[in-house]
Structure formats: C-alpha cells, structure tokens
Amino acid sequence: MTLYTDYLAEIETRKAQDLHPKPIDDGALVAELITQIKDPANPYREDSLKFFIYNTLPGTTSAADKKAKFLKDIILGAAEVAEITPDFAFELLSHMKGGPSVEVLLDLALGTDAAIAQQAAAVLKTQFFLYEADTDRLAAALAAGNAVARDILESYAKAEFFTALPEIEEEIKVITYIAGEGDISTDLLSPGNQAHSRSDRELHGKCMITPEAQAEIEALKAAHPDARVMLIAEKGTMGVGSSRMSGVNNVALWTGKPASPYVPFVNYAPIVAGTNGISPIFLTTVGVTGGIGIDLKNWVKKLDADGKSVLDANGDPVLEQTYSVETGKVLTINTKTKKLYEGDKELVDISASLTPQKAEFIKAGGSYAVVFGKKLQTFAAEALGQELKSAFAPSKEVSHEGQGLTAVEKIFNKNARGLTSDAPLHAGSDVRVKVNIVGSQDTTGLMTSQELEAMAATVISPSVDGAYQSGCHTASVWDLKAQANIPKLMSFMNKFGLITARDPKGEYHAMTDVIHKVLNDITVDDWAIIIGGDSHTRMSKGVAFGADSGTVALALATGEATMPIPESVKVTFKGTMKDHMDFRDVVHATQAQMLKQFGDNVFQGRIIEVHIGTLLADQAFTFTDWTAEMKAKASICISEDETLIGSLEIAKSRIQIMIDKGMDNAAGTLQGLINIADKRIGEIKSGEKPALTPDDNAKYFAEVVVDLDEVVEPMIADPDVNNADVSKRYTHDTIRPVSYYGGDKKVDLGFVGSCMVHKGDIKIVAQMLKNLEKAEGKVTFNAPLVVAAPTYNIVDELKAEGDWEILQKYSGFEFDDFMPKNNARTEYENILYLERPGCNLCMGNQEKAAKGDTVLATSTRLFQGRVVEDTAEKKGESLLASTPVVVLAAILGRTPTIDEYKAAVEGIDLTKFAPPLAIPSATKSAHF
C-alpha cells in the first residue's frame, strides 16, 4: 500500500457518497504524484497529473510546497512534463496564493535568467499574500540595485494587483430563491450537527437547507444560466445566530462562482438577501467571499390614517408587501445606480450593499485581498521612498465637533491604525484597528487553519496579546470524528502560536472549557478589542466581535480587523431587583421591555452599552453573552473601578492556573497577560486611567431604561413554534412570564450549562438539591437534568467548597476524562447527568434531546433543530430560562407555578444585581 493507493481507496468510498476526490493537502502524497508523473510508463500517470494540477490545495500546505518546487523545476528545465509547459507552470503558480509559491516566484524573479525573471515578475505583480520574509527579500534586492525588484515594487506601489482587475459588472441579473420565511439562522445553511465536515467543503455543502432545496437551486441555475441565484430570508433576517463561514461557503458553493479552475470547491461571490437585511456578523462573512448582502425592505408596517402601526389580534404590527421576491423572480442589481430593479421598475435602494469599500471586496473577490493589498501598497511606497497614493477607497472618517464619545467609539479611537487626522472618530467611520485577543473554537478551527494556510500565514502576529484555541464545541463526545479532527487542529494552532486547550505533546490535561469563558478571563483590559470564532464572543471587558473563521484567521495573521464603528444603544436600570429573581430574568426582561418601549428591535446591528458596573465579569457575562440573541453587533459592559479591579484579579488567578498546568508557550503569552492586568489595575488604582466610561455628551441611537420593579416573576424565552405567523417562530423576541404556562406545560428535559451559566449557577443547582432533600427526604426527578459546568476551574472550586458532593449523590452519570464518551446519548433517564465542561446540548452537533421533546434550558439557542429536532407529530421546543426554573422544572416534569418557584428558591443566593448609584461617565474623551 502507498499513500496514492490509499487515496484511490478513499476516492471509491467518496463515490458511494456522490462525492469527488478530496482536495490534497499532504505533501508526501504530492511527492508520490510527482514520481508517477515523471514516469511515462506509470499506469497512474494520467490521473496523477490531473490531481496535481486540479486537486492540490494552495497556500502553505505541505502539498503546495511540493507542487511549487516541482513547478520551479519545470520552469528552470530541471524537469520536463509535456502537459505542463513553463508558461502553464507560471499560471499554476499564480493561483497558489502565496507561501511556497511566492518564495519560488521570488527565487525566479531575482535569479540570473533574465527572461524567466521577467515572467516571474509579471506573475508576482498579481499577487498580494506577501509577508515580511517576502517583502524583506524585495527590499534587500532593491537596495542591491536589482532592476526586477524595483519593477515589482513600482507595480505594488501603484497597486496594479488590484487596479488591473476587471471592474464589477454594471448589471447583475439575479433569480430569487426563498430559503425560508422568517429569520434564517446559519444552522439552516450549515447545521451544527454537521460541524465535523466543515473543512471538507464538498461534503459539507450537501447539508445546506435540504436536498430538495439544492435541487431547486440547481434547476433555477439551469433555467437562467445568465443569472445568479439570490438566497432570501422572506419576512426575516438572513444569517442570524452566528457568522459561520461554512454557511457562506455553502451558499457560494451552490450559487456562487469558482475562485480558480485549479482549486476545487472554493467558490465566491454569493448573493444573499433578507426582508430585514443580513445579520451584521454574517454580513462580514459575506464580505470575506466578495459577496453581496441586500436589505430588501419588501415588507413594511401597515399604517393607519394617523400614521400609526396597525396591530393584529396579538398586538403585533401588521405587515404589507411592497413588492414580491417569490422564488423564480428575475431581478437586476445595478451597481452604478445602486438600486434593485424588476425590469425597468425600481424596487429598493441598495446603496448600503454597494459602499465603496464593499464594491472593492466584490472587485477583488473578497476582503482579504483588499486588506493585504493595502498593506502591500504601503510597504512598496515606503521601500521606494514615494508618497503613498492609495488605490483604494479612503476610509470613511466621521467626526462631529463638540460631540462626546460612546464607549465603543473610545475603544476604536484608542486602537485605530492608519488615520489621516487627529480628530476623534464617531459611529459610521471605517476603522482599521489593532486586535488584542483572538479566539478560535474547535468546530470552526479547522476552517481557520485552512484559511491561514490559504493566506500563506505561518505564525501569529506579534501584536496580538493573546490567542486561544478551544475544545469546547466537541467536548461532549470523543467520537471518531473528534479523534481525527481535534488533535490535528490543536497541533496546528499550537505551532502557530495560540494557547491550546489540548497539548499536542500530552503534557497537560486536555481542557474543554467553553471558549467564551476562557476569552472572558484572558481579556485583561477594558479597552481591548476581541475577535472570536463564535457569535457569543461577547466579553464583559472590552468590546468583542463574533466572527467567521476567515476573519479570525486574518486577526491571527495580521493582528488587525477592519470594520465600521457601530452605533450604540445605552441600557441602564432603575428600581430594585426582587429577592426571588435571578439575574437571567433581568436579561430576558431587557429584551421584552426594549421591544415594548420601541416596537422594533433597536439593538439589531448596534452595540449594547450596558451599565451593570456592580457585577463582576462572570455574572455580567450572562448579559453580554445574551446580546448575540438580541441581534446586537456586540456589547460593552460599563463597570465601576472597584468591580473592574475585582474582575481583573479573578482573571489573573485563572490565567495563573493555566500557567501552573503548563499551558503557557515559549513566548510567555499567559504571563504577558498577567503583566497587562497588573498594569491596568495600577492605572485604575492610581487614577491615571479609570475604568472605561462614555462621555456625558456622547450620542446614542437609543437609550433603554429597564425597570427592575416590573420584573416580578421568572421570564422564559419561547420559540413559539406554533405561531400562525411563521416569521415569528424561533426568534428571541417572545419573552413570557412563567405564569403564562399555568404550571402545566410538560418539560421533557432540563439543561443547565453552556456559556450562559457561571459558578454561581452550579451552586444554585447544588443548593436546590440540598433544600429539597432536607424538605422531602430525597430528590426525585420527573425529567432528566443535564448539568455541564462551563470550565474545569468551576468544577475544582465546587469540589473544594463542598457543592460537588450533592451533585454526585444524585447523578446517574458523571463524566470521566480518562474514559470519555465515544457515542452521543440518544435516550435519557429521569436522573441527573453531570457532563464534561463544554457546550454540550447548546451546540447540537453531538448531544441532542430526543426528537419532539420540550426542553427547558439555560442555553442561548432557540433555533429549529439545534437542541432538539422535530418529529412528524410534534415540533421540538427549546425554551430558555434561569437555572432555578430549569432545575425545578426537571424535578416537577413541568413548568412550575410562581408559588412553587418562590418556595423552591427561598434562602438560596441567586445572582443579584443592583444598579450603580450613579451612572459612570466621563466629561471628556480621555485616554484613547
């Protein structure tokens, strides 16, 4: 057996799944292909040649390294392949995206053969994924008087790699396809339970929507070969819940254009739309692929004669259709007028979809090309001693004289790079910013590693303060898929420079801590910017943005991100929190009261600046985490000085635990974070730089005041699966008091876990069990209760404090790291399950509730099919509530009455919150 024959066997297996050969990333296999190509008599030569040309992954894969070196030999005449002429070899190198290919092109361009050097230079002028090692070679050659190096740099200084590209089409014909009615979550485009296959693009593409939908899309393409399919969320928002690069990849695979004839299953330029536009984090991902995201506004609120909204029987606004986008409509996007047309009829202005910056992404085939292109043009101008004349649209810099700054505006101003003036920037400005902390999670991490290879990155940017690769999304079950994927991922990321949950050398215990919790701990500066590969990257220190796997890769490789400064909505509190309420109820009440005050979701696409300065970072995270479900772009927690110091001290202690376990790397990343925390604590204590606050005269899109006196009973977020209006199902906008259910809604399973809980929640579980045991003699569960602590630290602390013992007493299952589960649970008994720290049921890719169940959870997800799938007879429901409500419901087997709830929580230390006595603010824009 050889690697090649193993590959042939894999190809036969994939044929049975209606799949093509898997793209090759293994250099050893490419070496075998080359040997067979060189041998005219080899029976595998013809197929080996095809695999070498059309099925070898580019970038910094070991396969790309072997391919590039062999192409170099062909160009220099050291090898001869009839089917690959030197000209064709140069063409293949031009599609390999940097890394080994750029190294080879530089070797040839700076070599002694003048004709070859000119050809290599011509190809290099089209490339933009150059790193310091590459640009240093060009700079050195320029200094030595090399004319070819000067010619290449002069081309870069003019950004000809961008300006020479074709302009975007003036008219783009599209054919509409309604992917669903109501909000479309990325789970529809890339289901969580198929996370293991995301890095295998062709295989993963088969999970988008349904096979029937895929066939319908193919039929539309065949019937309209001159049009591109536009995927639509009718009466909803496209791409809610997460950024999910795999979702955009799937849409591009079915509806986009091939990026290269020599790179299989990598498509770009998808077109997506929604009645209410595109979820902000998903829209970023669309930009990565050079796609277009459109806000259709094809349904509007019906108004009465007085201009007020007409309401239906449920008190919801009645919508009227302004134009139809039913499946099969042929429309036209005009990129000059920036309008959407049906024939000659103008339907809607889409200027926001075609800003100068977004138009550049479309022209360049994605945002990476623009990011790297700007960097390369700047370098070339500096190397040549020329004034930079940017070929790119200038960043939009918005500054309002006399207007103060919100918290996010302050953070962006502090971290901004490449500004043209000293004037403070306000919302709407396009800003290039330094990224302090980066997080990669395990079900998107393999894609991030592929993106890093594709952009020829080999080491983390030295400007990043810290980066972490988690293992939480695959923590529940150590199955064959996880065993194949996770060690490979951890090894890559560890080598790249991240702190990894699993040690490739096996010297420290593998951790499955929830990524958001770890990022919340390693964020040690309230002025930090965090990028994480999950929509719940919402820290309670700094400002954090959930991002697709590609944006994470870009942040790791460059230490930067580029985005507009979002508008902010200020959230403050008044009144007094009732003793029997948990802070999770305040979180739900914020959503409900906001909708009641404004009618529309003013949080969508904006920063939620929440003033909960009396809560430590762990507890405050319950709010900031939930803001992903509020459809906010991100959130910022405004903290009081002493509270922030307390949070930073906790963070230091947890980082020290990671160091003690042996998780720090050679660069001393974790110790560096402790040093940053110490510096920040010193600044706060001395008064040099107090905790981050907005200015008194900052301008907000809206201000929400939450009245705690109105929060009198537990609140439940309900997916409302049977709502007659399908657009209102599975949103997070239906918030109901527990009394709505009358104490008789059957609960089939309870789940306490995910990133929404902290140590206090697990202690609440323990205390409720102790109280019930004392009152009743024992605790009997009428429904299963699954408990998953978010981190191992919490488990260790609960053991030390005596709480774990009562949990063990009533558990019918307790995780064992030495013998982890290798199969997902499909049936549950009415017992307590103590699961391994991690995402568990919330993720939906491993453990799930039984189909058709009604689940009450502390989780965040209401999406259809995520936690629980439907049966033909009953829709699965995932209702979200506080920890004490979930525990009591599992014991009762139904939702509790308010009296039962009050009795059960009496004397228990629930998560309490009191509004700050004074809302902290600054009178001027200091310290940025």
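Above this text sits the structure in question.
Please read these numbers as outputs of a predicted model, since none were measured by experiment.

The rules behind the values
- Residues numbered from 1 in each chain as written.
- Predicted model: local features only at pLDDT ≥ 70, side-chain atom pairs only at ≥ 80, totals over all residues.
- Heavy atoms only, no water.
- Pairing = 2+ DSSP bridges.
- Helix = DSSP H or I, 4+ residues; strand = E, 2+ residues; numbered from the N terminus.
- Axes fitted to C-alpha atoms, helices over the stretch in contact; angles between N-to-C directions.
- 1 Å grid on protein atoms, 1.4 Å probe; cavity = no way out; pocket = protein on both sides within 12 Å on 5 of 7 lines; lining within 4 Å.
- Points joined across faces, edges and corners; volume = space filled by probe spheres on them.
- Nonpolar A, V, L, I, M, F, W, Y, C, P; charged D, E, K, R; others polar.
- Buried < 20%, exposed > 50% of the residue type's maximum accessible area, 1.4 Å probe, protein only.
- Polar contact = N/O pair within 3.5 Å; in protein donor to acceptor, adjacent residues only side chain to side chain.
- Contact = heavy atoms within 4.5 Å.

Caption draft 1: The sheet that holds strand β13 (residues 345-349), seen in detail. Here we have seven strands laid out as an open sheet, ordered β8-β7-β3-β1-β11-β12-β13, and mixed in their pairing. The open sheet terminates on both sides in strands that have one partner only, identified here as β8 (292-295) and β13. Put simply, the sheet's adjacent strands are angled 30 degrees from each other on average, direction ignored. Note that strand β12 (residues 339-342) and β13 share four bridges and pair antiparallel.

Caption draft 2: Region of interest: empty space enclosed by the protein. A full pass over the atoms with the stated rule returns 11 cavities of 30 Å³ or more. Size it by volume and the largest cavity reaches roughly 160 Å³. Contributing to the lining of the largest cavity are 18 residues, with Val240, Gly241, Ala628, Glu629 and Lys631 lying nearest its centre. Residues of the lining of the largest cavity, tallied by class, amount to seven nonpolar, six polar and five charged. Within this model, the second largest cavity holds a volume of roughly 130 Å³. Ser242, Arg244, Gln441, Thr444 and Gly533 are, among the 18 residues lining the second largest cavity, the residues nearest its centre. Among the residues making up the lining of the second largest cavity, the classes are represented as three nonpolar, nine polar and six charged.

Caption draft 3: How the structure looks around the side chain of Ser476. By secondary structure assignment, the location of Ser476 is in the loop between β17 (466-469) and α20 (480-496). With a relative accessible area of 9%, Ser476 lands in the buried category. A distance of 3.4 Å separates a polar atom in the side chain of Ser476 from a polar atom in the side chain of Asn840. Residue contacts for Ser476: discarding those within four places in its chain leaves Lys821, Asn840, Gln846 and Glu847.

Caption draft 4: A look at the environment of Asp853. Position of Asp853 among the secondary structure elements: in the loop between β31 (832-835) and β32 (854-857). In this structure the C-alpha to C-alpha distance between Asp853 and Lys746, which are 107 residues apart in sequence, comes to 9.3 Å. The contact partners of Asp853, leaving out residues within four places of it in the chain, are Asp748, Val868, Lys874, Lys875, Gly876 and Glu877.

Caption draft 5: A look at the environment of Val330. Within the element layout of this structure, Val330 appears in strand β11 (residues 330-334). Judged by relative accessible area, which is 34%, Val330 ranks as partly exposed. Once the C-alpha coordinates of Val330 and Tyr341 are considered, the two residues, 11 residues apart in sequence, prove to be 9.1 Å apart. Apart from residues lying up to four places away in sequence, Val330 is in contact with Lys173, Val174, Ile175, His224 and Glu342.

Caption draft 6: View of helix α30 (residues 883-892). Taking burial as the measure, the 10 residues of α30 include nine buried ones, the bulk of the element. In this structure, the buried residues of α30 make contact with β28 (749-752), α27 (759-776), β29 (785-788), β32 and α31 (898-905). Looking one or two places after α30, you find Gly893, whose phi comes out positive at around 80 degrees.

Caption draft 7: Layout of the sheet that holds strand β23 (residues 607-610). Pairing in this open sheet of four strands is parallel, and the strands run β24-β23-β22-β25 from one edge to the other. Both edges of this open sheet fall to β24 (634-637) and β25 (702-707), since each of them pairs with a single strand only. Strand-to-strand twist of the sheet, defined as the mean angle between neighbouring strand axes without regard to direction, takes the value 20 degrees. Summarising the sheet, β23 and β24 pair through four bridges and their orientation is parallel. Counted as the bridge partner of Glu609 is Ile636 from β24. Helix α18 (residues 407-415) rests against β22 (568-574), β23 and β24 of the sheet, and its axis sits at about 100 degrees to β24. Strands in contact with helix α24 (residues 617-626) are β22, β23 and β24; relative to β24, the strand with the most contacts, it is inclined by about 155 degrees.

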